[in-house]
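# Overview (structure and organization)
This is what each chain is made of:
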Amino acid sequence: MTRIIALLLLMAAAALPARAQDAFLDALPGLGGNFTAQAEAVDRLGAAGDPRALPVLRALSDGRLVKLSDGTLLVRDGAAFTNAATGAAATPAEADTQRISINNRVRVALRGALGRLQIISPDAGERLAAAEGIFRSRSADNVGLLETALARETVPRIRDQIALALAVSRLVSADPAAKMAGITALGGSASPEARSLLLESRAANPDLAGQIDAAIADIDRRLAIRRVAETAFQGLSLGSVLLLAALGLAVTFGVMGVINMAHGEFVMLGAYTTVIVQDLLRGHPTLAPWSLPLAIPAAFLVTAAIGAAMERGLVRHLYGRPLETLLMTFGVGMMIQQAVRLVFGAQNREVISPPWMQGTMLLPFDIPVTANRLWILCFSLVVFLLIVAAIRFTRFGLEMRAVTQRRPIAAAMGIRTGRVDALTFAFGSGIAGIAGVALSQIDNVSPNLGTGYIIDSFLVVVFGGVGSLAGTLIAAFGLGVINKMLEPWAGAVLAKVFVLVAVMVFIQRRPRGLFPQKGRAAEA
Amino acid sequence: MTETNKITRRAALLGLSTALAAPAFRPSFAQAAPIKVGVLHSLSGTMAISETALRDTVLMMVEHQNSKGGILGRRLEAVVVDPASNWPLFAEKARELLQVHRVDVTFGCWTSVSRKSVLPVFEELNGMLFYPVQYEGEEESKNIFYTGAAPNQQAIPAVEYLMSDDGGSAKRIVLLGTDYVYPRTTNRILRGFLNSKGIADADIMEEYTPFGHSDWQGIVTRVKTFANQGKKTAIVSTINGDANVPFYRELGNQGIRAEDIPCVAFSVGEEELAGIDTRPLVGHLAAWNYFMSVQSPANTEFKNLWQAYIKNPRRVTNDPMEATYTGFNMWAQAVAAARTTAVDAVRTAVIGQEFAAPAGYTEKMLPNHHLSKPVMIGEIQADGQFNIVYKTAEAVPAENWSRFIPENANRRRG
């Protein structure tokens, strides 16, 4: 009897590798079937753990797997093809190849399968992605694999992710002790997804409800702190956008007193300059990755030149007549907008985001912030400091202040006031153009880009106190943070209404804004 | 007047050359006055991004029809006005088209608010408007033909798909929209539908944003929180126009992948995706009645016609353009059948017209002035096109009065 059992076991052991190979070849044709068949085949390939499946599944995920009319599956690599089953090179007729497309269901299966196959990859990035994939695929079959992977892993960040995936796999396993371990491990994390999984498993495990609730409460405590930090960042980020949009106006309206309704259009022109610079540099080997930083001086020069022309040609004839200035600049703004629409079309233009401006970054304490917003926040502060420095420490800044404070006396001192006026207006317009470069990264580059910012810009400048740069800074960040704090319970529309009402009431009480200008300049 | 003179001269020349040389047919128009086709689409302002392509589609059709010899031997002439995304101006421009230019038919409007603004004008002056965009339904006018989808041809099948196995079996739904009549009515219908499917109000999140909203950080964060409550969540977006680009960019940047929280949109087509890098968005969905990637002979003809007319082999086509194209052809067929352009006669003739649409199905104008249309759901691809993952076997008749709005219970269904 024992001999027979031993024999049977031996036979089973001998058959195992052969069956594993078969599993790969058996499952493969399913990838060419409908979505249900594809998802099943992907699951089977992942479970078999055959390394030959890895290039095939990657190709399926990237849309590089093609099917011939006879059902053969080929992996495309540039212009070369290899047979998915045998790995041999193939040369199919181009007309015969049909690209295999997938849907979300197949993508979910792929993430789990690729995770299983890549968790022992030598590449750290692939291991991290694999651990995330397994974390979301929630299968009890992965416990053994993950335990091995965790023992070998040396990178702390990946270790954490594997531990999280292991906890999930244990949570859905049948073993009560493993379940308990899984719950405790998930409770120690600050992952919103882990919280979701715990909630999901609550119904299936009524006997463990107490422990699960405790773990969820644990996660909630950590998440609450993170949420406050997130809201604060989002408020600052909105503030930085307001600041960028308003800074140019703080010079033309705040310092010079010109009501420039075409300000938004200068922002828009800055964004279009970014598009043009990127188009020109596209394909250039060394400069292409730097196209966004290079667009900054280009946008400044373009908009400053247009601003100078506008000041010399039109605005200066209307000094001291605010109503006519308002109408004239409004008209010029509409003309610029329609001209851009005629030249570039009404459609949005695509702006390339460099890789360092995409995705989410983790600040200390695991606070997730989006990279583009973080860069724009830093950028707005740098621009602000540069403007303050330019006005305070340069010859041009001195002349500018002199002319705005007492024009006749400045002229008597030998300052060419007309030239200073033109330069100041060009300076403000140039800053609007720089803002356009930054805003192209978060908003549509379309002819309407500017119209959305003109009201907000005036609001910020008036609220902060006309003529006060520091006021503009505080007003922008203040309005941004208040808006984001109100949004969760009032909704985006009402939050904006509340902010507008609050500013109106404030201006009624203090018409000169947060930081009123003192002295003779204020009365002029 | 000069235009007519030129044409007559050219016609005379053509006639001469035809008589002299070739027996081949060339269009030569008789002295009869041209048929006037009004185009009422915004060419400036916030909706210009979507509506300029529709103006070009109508102009293309007019040119194409003239090259085929016009209709009833009469040449077609387009009259283009610009209502500038300004809703009251739509009504004024509609009046101008009907009273000053005396157009025989008008193609126009995109937003529901603009359609509501011109509706009384078309009814008062007995004009004829073809409206080419999917909308919220709850309307019927004898002077308007609706060639876009009603909610049962787009919104409801899309949500059914999200709740199916293939769509990810969503149990919680986020309804995001721009704050105006179309999203609010659609979401009201969807809420009724979801409730009828056993999804409680606690599992539905509804949020609205102003036109052109660009700061989506807070909302996307809240969607993430809402999604992490232990039930599979999906987003249904009725966000319109410009606001879509920053919305999708924020989704991509915050790492919301289609595998985890799929987002299905009703107003995002190939044209809107042209301004975004779609690689982080692969797998998010859109529900329409046509995609540029449809494989059909009629679609090949449509795409070739468009790219040749616009002289850009990379310009995309989209659903409202296809609806304009289909509507125009149905109108042309009806005029040919009625042998007149008189509004009342053409109206009777349009109903029942069939057309093999680029969507690959034969669509039919129903007595309720809406079309039967196929429903398609596409996943966004890395190249900005859609991969069709679901379509109905047959064209679905439109139900403009939704059964999921309680007040419609007593209404007769067409």
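Residues numbered from 1 in each chain as written. Chains lettered and ligands numbered in written order. Predicted model: local features only at pLDDT ≥ 70, side-chain atom pairs only at ≥ 80, totals over all residues. Heavy atoms only, no water.

## Considerations on the overall build of chain B
Along its length, chain B carries 12 helices and 16 strands. C-alpha atoms of chain B, sized along the principal axes, occupy 80 × 45 × 40 Å. With 414 residues in all, chain B has 62% of them scored as buried. Look at the contacts in chain B between residues 6 or more apart in sequence, and 68% of them connect residues 24 or more apart. Positive and negative side-chain charges in chain B, numbering 41 and 43 respectively, have mean positions lying 5 Å apart. (Helix = DSSP H or I, 4+ residues; strand = E, 2+ residues; numbered from the N terminus. Buried < 20%, exposed > 50% of the residue type's maximum accessible area, 1.4 Å probe, protein only. Contact = heavy atoms within 4.5 Å. Lys, Arg positive; Asp, Glu negative; His and termini not counted. Charge placed at Lys NZ, Arg CZ, Asp CG, Glu CD.)

## Details of the overall build of chain A
Across its full length, chain A carries 20 helices and 7 strands. What you see for chain A is a C-alpha radius of gyration of 31 Å, clearly larger than the 24 Å of a compact globule of 524 residues, by over 25%. Out of the 524 residues in chain A, the part that is buried amounts to 48%. Of the contacts made within chain A by residues no fewer than 6 positions apart, 67% connect residues no fewer than 24 positions apart. Accessible surface for chain A amounts to roughly 25000 Å². Of this, 65% is attributable to carbon and sulfur atoms. Across chain A, the 48 positively charged side chains and the 37 negatively charged ones have centroids separated by 10 Å. (Rg over C-alpha atoms; globule rule 2.2 N^0.38 Å. Areas by Shrake-Rupley, 256 points an atom, 1.4 Å probe, with all protein chains shown as cover.)

## As for the domain arrangement of chain B
All names here are of chain B. What the domain assignment lists for chain B is domain 1 (2–12 + 31–149 + 295–371) and domain 2 (152–294 + 376–410). Tallying the contact residues gives 39 residues for domain 1 and 37 residues for domain 2. Of the roughly 3200 Å² buried at the junction of domain 1 and domain 2 (both faces included), carbon and sulfur atoms supply 55%. Interface area lost by domain 1 to domain 2 is led by Gln 134, Glu 138 and Tyr 361, which between them contribute 22%. In this structure, Glu 271 and Arg 315 form a salt bridge, with 3.6 Å as the shortest nitrogen-oxygen distance. For the pair domain 1 and domain 2, the interface holds 22 residue pairs in polar contact (both at pLDDT 80 or more). Elements with a minimum of two residues in the side of domain 1 that touches domain 2: helix 2 (48–67), helix 4 (112–124), helix 10 (297–310) and helix 11 (319–338). Looking at the side of domain 1 that touches domain 2, the element that brings in the most residues is helix 10, giving 4 residues. (Domains from an automatic or database assignment. Buried area = accessible area lost by both parts, 1.4 Å probe. Salt bridge = Lys/Arg side-chain N within 4 Å of Asp/Glu carboxyl O. Polar contact = N/O pair within 3.5 Å; in protein donor to acceptor, adjacent residues only side chain to side chain.)

## Some remarks on the interface of chain B and chain A
If you look at the interface, chain B gives 57 residues, while chain A gives 51 residues. Carbon and sulfur atoms make up 40% of the area that chain B and chain A hide from each other, which totals about 4100 Å². Inspection of the region where chain B meets chain A yields 8 salt bridges. Connecting chain B to chain A are 20 residue pairs in polar contact (both at pLDDT 80 or more). No other element matches the 7 residues that helix 7 (residues 217–227) of chain B contributes to the side of chain B that touches chain A. Within the side of chain B that touches chain A, the residues separate by chemical class into 19 nonpolar, 21 polar and 17 charged. (Nonpolar A, V, L, I, M, F, W, Y, C, P; charged D, E, K, R; others polar.)

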